[in-house]
Amino acid sequence: NSSRQFDKKGYKLTLVTDTEENNPQAVMGMDSHHEWMLHGPFLDKTLIRNYLCYNLAGEIMGYAPNVRFCEVVMNGEYLGLYLMTESITAGEDGTRLDVSVDKKDNTYSGYVLRLDRGSDSVLKNIDPFSIYSQRISNGHINIVYPGNANLSEELSESIRQDFSNFEHMLYTFDFDNSEYGYSKTVDVDSFVNYFLLNEFTCNYDAGSFSTYIYKGTDGKFRMCVWDFNNAFDNYQEQAVDRKIFTLQECLWYFMMIKDEDFTDELIARYRKLRETYFSEAYLNNYIDETIAYLGPAIDRNFEKWGYSFTSDHNQLYPIDRNLRSYDEAVAQLKGFIAERGSWMDENIEILRQYSAPSKTKLFKEHTR
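Residues numbered from 1 in each chain as written. Predicted model: local features only at pLDDT ≥ 70, side-chain atom pairs only at ≥ 80, totals over all residues. Heavy atoms only, no water.

**Student:** Can you tell me about the packing of helix α6 (residues 260-274) against helix α9 (residues 326-347), naming the residues and giving the values?
**Tutor:** For the pair α6 and α9, the least separation of the axes is 11 Å and the interaxial angle reads 140°. Relative to α9, the element α6 lies oblique. Considering the relative orientation of α6 and α9, their crossing is left-handed. Contacts from Y270, R271 and R274 of α6 reach α9 at G341, S342, M344 and D345. Class assignment of the residues belonging to the contact of α6 with α9 gives a composition of two nonpolar, two polar and three charged. (Axes fitted to C-alpha atoms, helices over the stretch in contact; angles between N-to-C directions. Helix = DSSP H or I, 4+ residues; strand = E, 2+ residues; numbered from the N terminus. Parallel < 35°, antiparallel > 145°, perpendicular 65-115°, else oblique. Left-handed = near helix turned anticlockwise from the far one by under 90°. Contact = heavy atoms within 4.5 Å. Nonpolar A, V, L, I, M, F, W, Y, C, P; charged D, E, K, R; others polar.)

In structure tokens form, the structure reads like this:
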């Protein structure tokens, strides 16, 4: 949403036949689908934040949007370097998300929800337990899949009730019960990895905006990453505090982290990831290899958009956060990774305070 103000626009592509029916096509080696997103990095001067983070998510999570770099020419005008991106929706034959709907029977076996600014479609906007109980302080939840063509009032209400049941269970005394608590309803690994990736990158829209959760055909809830344009201290409004944790206060994590087992999983998983995909050496090498792959496409992009480095086009505040060259942008990204990783190494254990008896007494003080 915020990127709409930038000179370099993003685009949604819907592939159709001559009669305007969906026309799935394979794009740049990615599986066939009729819906694609073209992300045009502009605020992100490295051009690679989303590419880096989607691919990291693809390594550590069950699913992340597939992406390919490309250069875009529209109506004869060169528009620069873009990232062709899968949309978060259902696919066929195991592609994209494992969710489905039967329009004829008005039933579903999986759905996708988004926490953001809501939908233009009244039918897609739902008020589950978290809205009703004012657990969400900003933003709205809307149905992403099923889409309008397959969504009825009955189906919308059924999804709202199903998701409300899940959220209500989280806020009961028995939320961490081993037999019928949240761990039976969610893919815990998915929630752990989502938490760590967004915390490591300080992507603090997660849990408030651009937040996707889906229920698969196996009945399990999972998280799906989206939009790292502001990650690694790239928010326009202000610098991020690199020495705090934030997601433990967000929505579903507010309760999950009260479970000591979940906190233990977070800490153990982080330690493991720091040996591999979160290591400074791995990430720096990934950045360098990506830049080498892009090669002269970076120069061509900034022949078009290079004015964004000048003092006449400051986008970050305070002003001294603005970067004046591509090399500075890459150095800032690598410097953030080093500093954030070092701090988390020393402080990851403080997450235990949120599942300490003194913190969870209110939620567990009863006889089971």
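Still more to cover.
**Student:** Please set out the pattern of salt bridges residue by residue, giving values where relevant.
**Tutor:** Note on pairing: side chains with opposite charge can pair once their charged atoms come close. Counted according to the given criterion, the structure contains 18 salt bridges. With a shortest N-O distance of 3.4 Å, K12 and E35 are connected by a salt bridge. Linking K12 in strand β1 (residues 11-14) with E35 in strand β4 (residues 35-39), this pair joins segments that are 23 residues apart in sequence. We classify E35 as buried; its relative accessible area is 17%. Between D345 and R274 there is a salt bridge, and its shortest N-O distance comes to 2.8 Å. Pair noted here: D345 is in helix α9 and R274 is in helix α6, with a separation of 71 residues, a long-range link. (Salt bridge = Lys/Arg side-chain N within 4 Å of Asp/Glu carboxyl O. Buried < 20%, exposed > 50% of the residue type's maximum accessible area, 1.4 Å probe, protein only.)

**Student:** Can you explain the packing of aromatic side chains? Please cite residues and give values.
**Tutor:** The final tally for this structure, using the stated rule, is 30 aromatic pairs. Considering the side-chain rings of F195 and Y253, the 5.2 Å spacing of their centres and the 70° angle between planes classify their relative orientation as edge-to-face. Residue F195 is found in helix α4 (residues 188-200), and its partner Y253 is found in helix α5 (residues 251-256); the two are separated by 58 residues along the sequence. F195 sits in the buried class, given a relative accessible area of 1%. Here the aromatic residues Y108, Y111, F163, F166, F221 and W252 are joined through ring pairs into a cluster of three or more. Positioned above the aromatic ring of Y82 is the side chain of K8, whose terminal nitrogen or guanidinium carbon lies 5.1 Å from the ring centre. The lysine or arginine in question, K45, covers the ring of F42, its NZ or CZ lying 5.6 Å from the ring centre. (Phe/Tyr/Trp six-rings, centres within 6.5 Å; stacked < 30°, edge-to-face > 60°. Lys NZ or Arg CZ within 6 Å of the ring centre and 35° of its normal.)

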